[in-house]
2 protein chains.
Amino acid sequence: MSEIYTSIPLGDGSTHAHTSTWVASTLRQEIAEGRLLPGSKLSEQALSNALGVSRNTLREGFTLLDSDLIISRIPNRGVFVASPDAADIREIYAVRRTIEPAALAWGPKLDIDELSRIIGHARAAAETENIALMADANQQFHETIVRATGSAHLLELMSRVLAKMRLVFHAMSDAPDFHSHYVSRNGALVDLLNTGQRMEAADTLQVYLNTAEAELLEHYESSQPR
Amino acid sequence: MSEIYTSIPLGDGSTHAHTSTWVASTLRQEIAEGRLLPGSKLSEQALSNALGVSRNTLREGFTLLDSDLIISRIPNRGVFVASPDAADIREIYAVRRTIEPAALAWGPKLDIDELSRIIGHARAAAETENIALMADANQQFHETIVRATGSAHLLELMSRVLAKMRLVFHAMSDAPDFHSHYVSRNGALVDLLNTGQRMEAADTLQVYLNTAEAELLEHYESSQPR
DNA sequence: AAAACACATATTGTTCAACAATCTTTCCTG
DNA sequence: CAGGAAAGATTGTTGAACAATATGTGTTTT
């Protein structure tokens, strides 16, 4: 069990600009790429040893990550990699259902060409059945949508939410291939946008998000019987 | 200059559940109520003394506040109460223009009665020309709108944004009375909602937000000549 | 054998003191 | 008066220590 930590590459001897920031981004990456699975406990002593930083600095890193939604901190119990439940899935989609259609409908900086480009990559990934690439493209697609709002804070919230989405998929490793559905749906959105039907695109995206939420919830409930 | 800190009430001797959390919320309150003005430097030594906590714990509190947008942390320079500039105002309104109209148009938990109630309080405050109460009512009004999305994260982002809005007003203490305008505008919104015209309310709110942003920016530019 | 309790152990929460790294101020020199 | 070096102050980070809380173990009790 403690072997988990040995896989974490230590930082080189050089001094990092902000150690706590470096700690946070390192852990973020470990979690995003599935090397630290949902539910894992992040022991302070073990981690501070593995990363070569003091417990105090590690705790600052934890505090930074806490707002990232990907860890859950339980007082006097410790820090764990978040393992999203049904409520989290609903929360994620409540956020997305608000921000993304609004960005499509009213965002002042909508970049349809960039969206088309991403669709192209997604289609290529779909042909070779490369799920990881499709997931990346999907994430980029939705980040680009949010970028239309012109708000850095909304973009940040969106990447946090999408990071948590990845945890959902890591926790449901037996999930069917949702991503290939997304490719064609995203393509239909771009078609609507290309003909200037932004409001219709917003409505359609809402339908898509509702569908995706229902699909995920169904799979979660069935794979997580109580 | 150091007298600023003496005004901060110390915590009682009792142990706080999470000291860093307590530190953060204490500072948040001090800033929100204008006892710590934009631009003030928050010295680690002075503050840790005044609050009766160690520098380490204070730093954890800083890290918590950092995601609240109301402080700015400059590496090796220190922590300052944020003093919003034109870009911040634009960012605030980019967020609000996205979230709030979406909440009005599509939010599944829109509570029109609660909005009417808040309008009542705002009108009462307007009659007695109590600006603080009007500001409070305005904040509640817009938080209630966002609550319609059903998302705790969006609500949290909104309160952060509104907290930063308060800093804008603190920084422009010579600002004219914007709030009384808001009261009647919010009233018009509720009228639209009461007749079931949610989309029209969303559009109207967007116009209002654009107007308010322009007013604030104009006042900022003129009062902050370079 | 199962449940309940007490004790020992491990982990987290917080403080303190120290030092390195960086910024700020002062003062000296040209 | 400008430029720059030295002194001073502040932040960034560490390690050790201790209190508070949670976990685990073993014994007793029924």
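Criteria and thresholds
- Residues numbered from 1 in each chain as written.
- Chains lettered and ligands numbered in written order.
- Predicted model: local features only at pLDDT ≥ 70, side-chain atom pairs only at ≥ 80, totals over all residues.
- Heavy atoms only, no water.
- Helix = DSSP H or I, 4+ residues; strand = E, 2+ residues; numbered from the N terminus.
- Rg over C-alpha atoms; globule rule 2.2 N^0.38 Å.
- Buried < 20%, exposed > 50% of the residue type's maximum accessible area, 1.4 Å probe, protein only.
- Contact = heavy atoms within 4.5 Å.
- Areas by Shrake-Rupley, 256 points an atom, 1.4 Å probe, with all protein chains shown as cover.
- Lys, Arg positive; Asp, Glu negative; His and termini not counted.
- Charge placed at Lys NZ, Arg CZ, Asp CG, Glu CD.
- Near = heavy atom within 4 Å.
- Polar contact = N/O pair within 3.5 Å; in protein donor to acceptor, adjacent residues only side chain to side chain.
- Nonpolar A, V, L, I, M, F, W, Y, C, P; charged D, E, K, R; others polar.
- Buried area = accessible area lost by both parts, 1.4 Å probe.
- Salt bridge = Lys/Arg side-chain N within 4 Å of Asp/Glu carboxyl O.
- Pairing = 2+ DSSP bridges.
- Least-squares fit on C-alpha atoms with pLDDT ≥ 70 in both.
- Domains from an automatic or database assignment.

1. Here we look at the overall build of chain A
Broken down by element type, chain A carries 10 helices and 3 strands. By the compact-globule yardstick of 17 Å for 226 residues, chain A fits well, its C-alpha radius of gyration being 19 Å. Principal axes of the C-alpha set define a box for chain A whose edges measure 55 × 45 × 35 Å. Per-residue burial for chain A yields a buried fraction of 48% across its 226 residues. When contacts within chain A are restricted to residue pairs at least 6 apart in sequence, those whose partners lie at least 24 apart make up 73%. In the form shown here, chain A has an accessible surface area of approximately 10700 Å², with 50% of it arising from carbon and sulfur atoms. Both charge centroids of chain A, one from 20 positive and one from 29 negative side chains, sit 6 Å from each other.

2. Remarks on the protein's contact with DNA strand C
The environment of DNA strand C is formed by 22 residues, the closest being Arg59 of chain A together with Thr19, Asn56, Thr57 and Arg77 of chain B. Per the 4 Å cut-off to the protein, sugar and phosphate atoms form 71% of the nearby atoms of DNA strand C. Measuring from a phosphate oxygen of DNA strand C, one finds a backbone N or O atom of Thr19 of chain B at 2.6 Å. At a separation of 2.3 Å, a phosphate oxygen of DNA strand C approaches a polar side-chain atom of Thr57 of chain B. Of all the secondary structure elements, the ones that give two or more residues to the surface near DNA strand C are helix H4 (55-66) of chain A together with helix H4 (55-66) of chain B. Among the residues making up the surface near DNA strand C, the classes are represented as 3 nonpolar, 12 polar and 7 charged.

3. Quick notes on the interface of chain B and chain A
Counting from both sides, the interface comprises 31 residues of chain B and, opposite them, 30 residues of chain A. At the boundary of chain B with chain A, total buried surface from both sides reaches about 2500 Å², with 65% on carbon and sulfur atoms. By the criterion of area lost to chain A, the three top residues of chain B are Glu60, Trp106 and His153 of chain B, representing 25% of everything that side buries. Along the contact surface separating chain B from chain A lie 2 salt bridges. A salt bridge links Arg59 of chain A to Glu60 of chain B; the nearest nitrogen and oxygen atoms lie 2.8 Å apart.

4. Considering the sheet that holds strand S3 (residues 78-81) of chain A
Residue and element names in this part refer to chain A. Strand order across the open sheet formed by 3 strands is S1-S3-S2, with antiparallel pairing between neighbours. If you trace the sheet from one side to the other, it starts and ends with strand S1 (41-42) and strand S2 (71-74), each paired once. Where S2 meets S3, 4 bridges bridge the pair, whose relative direction is antiparallel. Within S3, the position partnered with Ile71 by the bridge is Val81.

5. Quick word on the protein's contact with DNA strand D
In the region of DNA strand D, 22 residues are neighbours, and Thr19, Asn56, Thr57 and Arg77 of chain A together with Arg59 of chain B sit closest. Backbone sugar and phosphate groups make up 72% of those atoms of DNA strand D lying within 4 Å of the protein. Between a phosphate oxygen of DNA strand D and a side-chain N or O atom of Arg77 of chain A, the distance comes to 2.6 Å. A distance of 3.3 Å separates a phosphate oxygen of DNA strand D from a polar backbone atom of Asn76 of chain B. Mapped onto the surface near DNA strand D, the elements with two or more residues apiece are H4 of chain A together with H4 of chain B. Of the residues assigned to the surface near DNA strand D, the class counts are 3 nonpolar, 12 polar and 7 charged.

6. Brief notes about the relation of the copies chain B and chain A
Of the two same-sequence chains, chain B is brought onto chain A (RMSD 0.1 Å, axial shift 0.0 Å) by a rotation of 180°. Taken together, the rotation and translation describe the operation of a two-fold axis. Interface overlap between copies: 97% of the residues of chain B at the interface are likewise at the interface in chain A, consistent with a symmetric, same-surface contact.

7. A few points about the domain arrangement of chain A
Frequently, the measure chosen for interface size is the accessible area removed from exposure when the parts meet. Residue and element names in this part refer to chain A. Each assigned domain of chain A is listed here: domain 1 (3-81) and domain 2 (86-223). Distance from the C-alpha centre of domain 1 to the C-alpha centre of domain 2: 28 Å. Taken over both partners, the interface formed by domain 1 and domain 2 buries close to 760 Å², and the fraction arising from carbon and sulfur atoms is 68%. Three residues, Ala32, Pro38 and Leu69, lead the burial of domain 1 against domain 2; their summed loss comes to 53% of the area buried on that side. Between domain 1 and domain 2 we count 1 salt bridge in total. Joining domain 1 to domain 2, the criterion identifies 2 residue pairs in polar contact (both at pLDDT 80 or more). Residues of the side of domain 1 that touches domain 2, tallied by class, amount to 6 nonpolar, 2 polar and 2 charged.

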